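# A look at the structure
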Amino acid sequence: MPSHKKGLGKMGKRGFTLVELMVVIVIIAILAAMVIPLFIKYADRKTDLDNEIFIETEKNEQLNEDVSKLQQEVKRLKKELKEQSGDKYGDTEGKY
């Protein structure tokens, strides 16, 4: 029996039925429902790690600044001590 529909070829029908499309949409929705929470959790964890790295970097920069100030203060005090003692103790640079 010849097909009455024009251009259908050997398959007998063209395209997908509504039920087939709905099944595919449901499958995609189920997969998205499983993956999206994982992605959100990953994004939140990445933000937390970025914040931790930023805080640690700020701490290190502040620590380096404090160490530099302390080194300058030690040099100033050594110089002051040397001037007050009349070079009695000799060169103490680098011993502390």
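Our subject in this report is the structure included herewith. Computed from a prediction, not measured in an experiment: that's the story for all the values here. (Residues numbered from 1 in each chain as written. Predicted model: local features only at pLDDT ≥ 70, side-chain atom pairs only at ≥ 80, totals over all residues. Heavy atoms only, no water.)

What follows concerns the overall build of the protein chain. Scanning the protein chain from N- to C-terminus turns up one helix and zero strands. Total accessible area computed for the protein chain in this model is approximately 9400 Å², and 64% of it derives from carbon and sulfur atoms. (Helix = DSSP H or I, 4+ residues; strand = E, 2+ residues; numbered from the N terminus. Areas by Shrake-Rupley, 256 points an atom, 1.4 Å probe, with all protein chains shown as cover.)

An ideal rise of 1.5 Å per residue puts 100 Å on 68 residues; helix α1 (residues 18–85) measures up with 98 Å between its terminal C-alpha atoms. Two residues or fewer after α1 comes glycine 86, characterised by a positive phi angle close to 70°. (Expected span 1.5 Å × (residues − 1).)

Counting across every chain of the model gives five salt bridges. Residue glutamate 65 pairs with lysine 69 through a salt bridge whose shortest N-O separation is 3.4 Å. Within this pair, glutamate 65 and its partner lysine 69 are both found in helix α1, separated by four residues, close to a single helical turn. Residues glutamate 73 and arginine 76 are paired through a salt bridge, measuring 2.5 Å at the closest nitrogen-oxygen approach. Of the two residues, glutamate 73 and arginine 76 are both situated in helix α1; the distance of three residues between them amounts to about one turn of the helix. We classify glutamate 73 as partly exposed; its relative accessible area is 33%. Judged by its relative accessible area of 41%, arginine 76 falls in the partly exposed class. Counted as one network, the salt bridges with shared partners bring together Glu73, Arg76 and Glu80. (Salt bridge = Lys/Arg side-chain N within 4 Å of Asp/Glu carboxyl O. Buried < 20%, exposed > 50% of the residue type's maximum accessible area, 1.4 Å probe, protein only.)

Attention now goes to a nonpolar patch on the surface. A cluster of nonpolar side chains, namely Val19, Val23, Val26, Ile27, Ile30, Leu31, Met34 and Val35, defines an oily patch on the protein surface of about 740 Å² accessible area. Relative to the helices and strands, isoleucine 30 is located in helix α1. In this structure isoleucine 30 comes out as partly exposed when scored by relative accessible area, which is 47%. (Patch = residues over 30% accessible without salt bridge, like charges linked within 9 Å, V, L, I, M, F, W, Y side chains within 5 Å.)

None of this, on its own, says anything about what the molecule does.
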